[in-house]
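Read off the chains here:
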Amino acid sequence: MYTLYGTDDSGSCMIEIALQRCAVPWHRVEASSWQEGEGTEALARINPLKQIPTLVTPDGQVLTESAAILIYLGMAFPASDLLAGNRAQILRGLLYITANCYSAIGIIDYPQRWLGNADEALQAQLVSGTRRYLHQAWVMFADQFAEQLFAPGNVPNALGIMAAAVSHWDEAREVLTALAPSFAQSLAHVDADPIVAPVFARHWPLWEVS
């Protein structure tokens, strides 16, 4: 059985969806770097950064980094269609989101990790500039990867799942609705997928699909 360390309103939603697509037995251990408990203590023993999602395979391998986990599952279970489509562009897109969007969200959420004890004004300046970069990165993503979110049969692939999940944060959907409306509609189509929708509803119960 696969063990997923994660919590609601986090990137673990992507791996929950992927595991369902792979049709494998799994369970979630409640854990994150911002909460205490037995699950977080167990997570720290296998991933000292306490980053989520962290996935432990049935043979005991520890997998971290959302893109890496999605790629691993897509390769291990090709019938899941997680990597179906233009694989080169799917892989490129997964790494694009990781490098340009996911990393920016980390700075926005935790500016003190980069600035230490700097005053609040400087932290606010870093957050504001990073959020501006994040929104620009999403608009450029929409321009380059709009045709890469779905496997044949109109099922969201790993890139579609990651793009839909990570764009939930920091007003990205609002920006995309204004500046790349057709792409925003593609993300809404991912949201409505019968496997994706209930997972997103549990992670973001108050969030409305535009």
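Along each chain, residue indices are assigned from 1 in the same order as the chain's sequence is written. Where totals are concerned, whole chains, interfaces and linings use all residues; where local detail is concerned, this predicted model gives features only for residues with pLDDT of at least 70, and gives and counts side-chain atom pairs only at 80 or more. Think of the side-chain values as coming from all heavy atoms in the structure, minus any hydrogens and water.

> Help me get a handle on the nonpolar core, residues and values and all.
Across soluble globular proteins, nonpolar side chains show a tendency to be buried alongside one another. To form a nonpolar core, buried Ala, Val, Leu, Ile, Met, Phe, Trp, Tyr and Cys residues must be joined to one another through side-chain atoms within 4.5 Å. Accessible area is worked out with a 1.4 Å probe on protein chains only. A residue is then buried under 20% of its type maximum, exposed over 50%, and partly exposed in between. By size, the foremost hydrophobic cluster in this structure holds 57 residues, and its most contacted members are L73, W138, F141 and V166. Ranked by residues supplied to this core, first place goes to helix α4 (residues 87–109) with 9 residues. Per the annotation, domain bounds derive from an automatic or database assignment of domains. Shared between two domains, this core holds at least three residues of each, these being domain 1 (2–80) and domain 2 (87–193). When checking whether two residues touch, look at their non-hydrogen atoms; a contact exists if any pair is within 4.5 Å. Apart from the residues within four sequence positions on either side, W138 is in contact with I97, C101, A163, V166, S167, A172 and L176. Here a strand is any run of E in DSSP of at least two residues, a helix any run of H or I of at least four, and the numbering for each starts at the N terminus.

> Could you give an account of the UniProt feature "domain: GST N-terminal" (unreviewed entry) in the chain, naming the residues involved and the relevant values?
UniProt positions are given in the numbering used here, feature names are shortened, and annotations may be inferred rather than shown by experiment. On the UniProt side, "domain: GST N-terminal" (unreviewed entry) is annotated at positions that read residues 1–81 here. Taken as a whole, residues 1–81 contains 38% helix and 20% strand, while its terminal C-alpha atoms sit 21 Å from one another.

> Please set out α4 residue by residue, giving values where relevant.
The span one expects for a helix is its residue count, reduced by one, times 1.5 Å. Helix length check: α4 (23 residues) gives 31 Å between terminal C-alpha atoms against 33 Å at 1.5 Å per residue, within 8%. Throughout, bend refers to the angle between the axes fitted to the seven residues that end at a position and the seven residues that start at it. The largest bend in α4 amounts to roughly 35° and is located at T98.

> Provide a residue-level description of the packing of aromatic side chains, including the pertinent values.
Stacked, edge-to-face and tilted are the three classes for Phe, Tyr and Trp ring pairs, Trp counted by its six-membered ring, which pair at centre distances within 6.5 Å; planes under 30 degrees apart are stacked, over 60 edge-to-face, the rest tilted. The tally for this structure, following the rule as stated, stands at 9 aromatic pairs. Between Y96 and F141 the ring centres are 5.6 Å apart and the planes differ by 50°, which places this aromatic pair in the tilted class. One end of the pair, Y96, is in helix α4; the other, F141, is in helix α6 (residues 120–145), with 45 residues separating them in the sequence. Measuring from ring centre to ring centre gives 4.7 Å for F141 and F145, while their planes differ by 25°; the resulting arrangement is stacked. Taken together, the positions of F141 and F145, both in helix α6 and 4 residues apart, correspond to about one turn of that helix. The exposure class of F145 is buried, given its relative accessible area of 0%. One aromatic cluster is present, formed by Y96, W138, F141, F145 and F183 through successive ring pairs. Ring-over charges, as used throughout, are those where CZ of Arg or NZ of Lys falls within 6 Å of the ring centre and within 35 degrees of the ring normal. For R113, the ring lying beneath its charged end belongs to Y110, and the centroid distance is 3.8 Å.

> An account of the pattern of salt bridges is requested, with residue identities and associated values reported.
Where charged atoms from two side chains of opposite charge approach closely, those side chains can pair. What makes a salt bridge here is a side-chain nitrogen of Lys or Arg within 4 Å of a carboxyl oxygen of Asp or Glu, nothing more. Under the counting rule described, the total for this entry stands at 7 salt bridges. With a shortest N-O distance of 3.0 Å, D8 and R28 are connected by a salt bridge. Within this pair, whereas D8 is found in the loop between β1 (2–6) and α1 (12–22), its partner R28 is found in strand β2 (residues 26–30), the two being separated by 20 residues in sequence. Overall, the relative accessible area of 30% leaves D8 in the partly exposed class. Given a relative accessible area of 24%, R28 falls into the partly exposed group. In this structure, E16 engages R202 in a salt bridge whose closest nitrogen and oxygen atoms are separated by 2.6 Å. A residue pair is termed long-range when its members are at least 10 positions apart, and E16 in helix α1 and R202 in helix α10 (residues 196–203) qualify at 186 residues. A residue is classified by how much of its surface remains accessible, and E16, at 0% relative accessible area, is buried. Within this structure, D8, E16, R28, E30 and R202 form a network of salt bridges that share partners.

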